[in-house]
Amino acid sequence: MSILVTGARGAVARGLAPLLAARGIPHRLASRALDTPGTVHCDLGDPSTFPGALAGIRSVFLYAEVSAIEAFVNEAVSAGVEHVVLLSSSSVLGPGAAGSPLAAAHLAVEEALEASPLRTTLLRPGAFARNALGWARSLKSGRPIRLPYPGSHGDPVHEADLAEAASAVLTDPALGGRAYHLTGPQSLTFATQLAILGGVLGAPVPFESVTPQEWKSEVDGYIPGPYADALLGYWATADGLPVEITDTVEHLTGHPARSFDTWARDHADAFRG
């Protein structure tokens, strides 16, 4: 069995590769960046890079890039790939997913894979705990975190749990061919996440509420307007309302999902000046 791990610079791929190596499973890391050591060039938006990356591969860990998914599927089938594990998103489970900037690309990739002869396993995580890294710059500069919905709930999942889940479905045939909704162990508001982070860092993390429009103006230039609107809409629907928590991480890995406190301890240095 030879596995192609795309997105070698991504947090989940970086966690998955050593798990495969520890079990002696042949694998190949792929990156669209030509200067990434130890990888084969595979730009998921450039079909010319697919043949070399897929040669001799039987399983693929795939990030959800929609722009050339049909070409990827065709090349994978031609290369003899048997199984694709897609890192998708639980946003595809929401109403109106096909029209949502948060979900549409993931859904389109899922549909392309499921319409193909490839055996497809879908990993659908909720909020990545590492999204909290977006607060690091404000925290290190001494500015309060500005939140439009501090009481909005999320299900932060540790990237290490996603890597272990991917390893499980790639290496155990009995687990493949299904869709899995993965979450962290708790539904937490943004304010609670900041309180947990402050406890880990040994000092409170200040935040202030801002209006949705204020927040949108502040992120203009690096979060496209439609995507910002979709995020605001999602946060509004989860404001004060806990989100669904699953035990899928434990089912796939054999241990409970890591807590946000654990994630914060693992990444504390990123928040220190």
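This report concerns the structure included in the present document. In this text, all values refer to a predicted model and were calculated from it rather than measured experimentally.

Moving on, we get to the nonpolar core. The tendency in soluble globular proteins is for nonpolar side chains to be buried side by side. Residues Trp135, Trp215, Trp235 and Trp263 are the most contacted members of the largest nonpolar core, which totals 28 residues. Listing elements by their share of this core, those giving two or more residues are β7 (145-147), α7 (190-201), α8 (212-219), α9 (225-237) and α11 (260-266). Counting residues per element, this core draws most heavily on α9, which supplies five residues. The residues contacting Trp235, other than those within four sequence positions of it, are Pro148, Tyr149, Ser152, Phe190 and Trp215. One finds Val5, Leu20, Ala165 and Ala257 within the second-largest nonpolar core, a separate group that totals 25 residues.

This part is about the sheet that holds strand β9 (residues 179-182). Taking strand neighbours across the sheet as the criterion, the seven strands line up as β3-β2-β1-β4-β5-β6-β9 in an open arrangement whose pairing is parallel. The two strands at the open ends of the sheet, each matched to only one other strand, are β3 (40-41) and β9. Where strand β5 (residues 83-87) and strand β6 (residues 119-125) come together, five bridges link them in parallel fashion. Its bridge partner lying in β6, Val85 is registered against Thr121. In the packing of helix α1 (residues 11-22) onto the sheet, contacts are made with β1 (3-5), β2 (27-31), β4 (59-63) and β5, and the angle to β4 comes to roughly 160°.

A separate point is the packing of α1 against helix α6 (residues 159-171). Between α1 and α6, the shortest axis-to-axis distance is 8 Å and the interhelical angle comes to 50°. When the axis of α1 is compared with that of α6, the two are oblique. The interaxial crossing formed by α1 with α6 has right-handed handedness. Contacts from Ala11, Val12, Gly15, Leu16, Leu19 and Leu20 of α1 reach α6 at Glu159, Leu162, Ala163, Glu164, Ala166, Ser167, Leu170 and Thr171. A breakdown of the residues in the contact of α1 with α6 according to their chemical character gives nine nonpolar, three polar and two charged.

Here we take up the packing of α8 against α9. Viewed as axis vectors pointing N to C, α8 and α9 meet at an angle of 145°, and their least axial separation amounts to 10 Å. For the crossing formed where α8 meets α9, the hand is right-handed. In this structure, α8 uses Pro212, Trp215, Lys216 and Val219 to contact α9, whose residues at the interface are Gly225, Ala228, Asp229, Leu231, Leu232 and Trp235. Of the residues belonging to the contact of α8 with α9, the class tally is seven nonpolar, one polar and two charged.

Further remarks concern the environment of Pro144. Tracing the sequence through the fold places Pro144 in the loop between α5 (136-141) and β7. Residue Pro144 is classed as partly exposed on the basis of its relative accessible area, which comes to 30%. A C-alpha to C-alpha distance of 36 Å links Pro144 and Tyr180, two positions 36 residues apart in sequence. Those residues in contact with Pro144, other than ones at most four positions away along the chain, are Ser138, Pro206, Phe207 and Glu208.

Moving on, we come to the packing of aromatic side chains. One pass over the structure, following the stated rule, counts seven aromatic pairs. Here the aromatic rings of Phe190 and Trp235 are separated by 5.5 Å at their centres, their planes lie at 90°, and the arrangement is edge-to-face. Separated by 45 residues along the polypeptide, Phe190 in helix α7 and Trp235 in helix α9 bring together distant segments of the chain. Like Trp235, Phe190 is buried. Between Trp215 and Trp235 the ring centres are 5.1 Å apart and the planes differ by 75°, which places this aromatic pair in the edge-to-face class. Here Trp235 lies in helix α9 and Trp215 lies in helix α8, a separation of 20 residues in the sequence. Overall, Trp235 belongs to the buried group, its relative accessible area being 13%.

Reading the values: the criteria
Residues numbered from 1 in each chain as written. Predicted model: local features only at pLDDT ≥ 70, side-chain atom pairs only at ≥ 80, totals over all residues. Heavy atoms only, no water. Core = buried A, V, L, I, M, F, W, Y, C linked by side-chain atoms within 4.5 Å. Buried < 20%, exposed > 50% of the residue type's maximum accessible area, 1.4 Å probe, protein only. Helix = DSSP H or I, 4+ residues; strand = E, 2+ residues; numbered from the N terminus. Contact = heavy atoms within 4.5 Å. Pairing = 2+ DSSP bridges. Axes fitted to C-alpha atoms, helices over the stretch in contact; angles between N-to-C directions. Parallel < 35°, antiparallel > 145°, perpendicular 65-115°, else oblique. Left-handed = near helix turned anticlockwise from the far one by under 90°. Nonpolar A, V, L, I, M, F, W, Y, C, P; charged D, E, K, R; others polar. Phe/Tyr/Trp six-rings, centres within 6.5 Å; stacked < 30°, edge-to-face > 60°.

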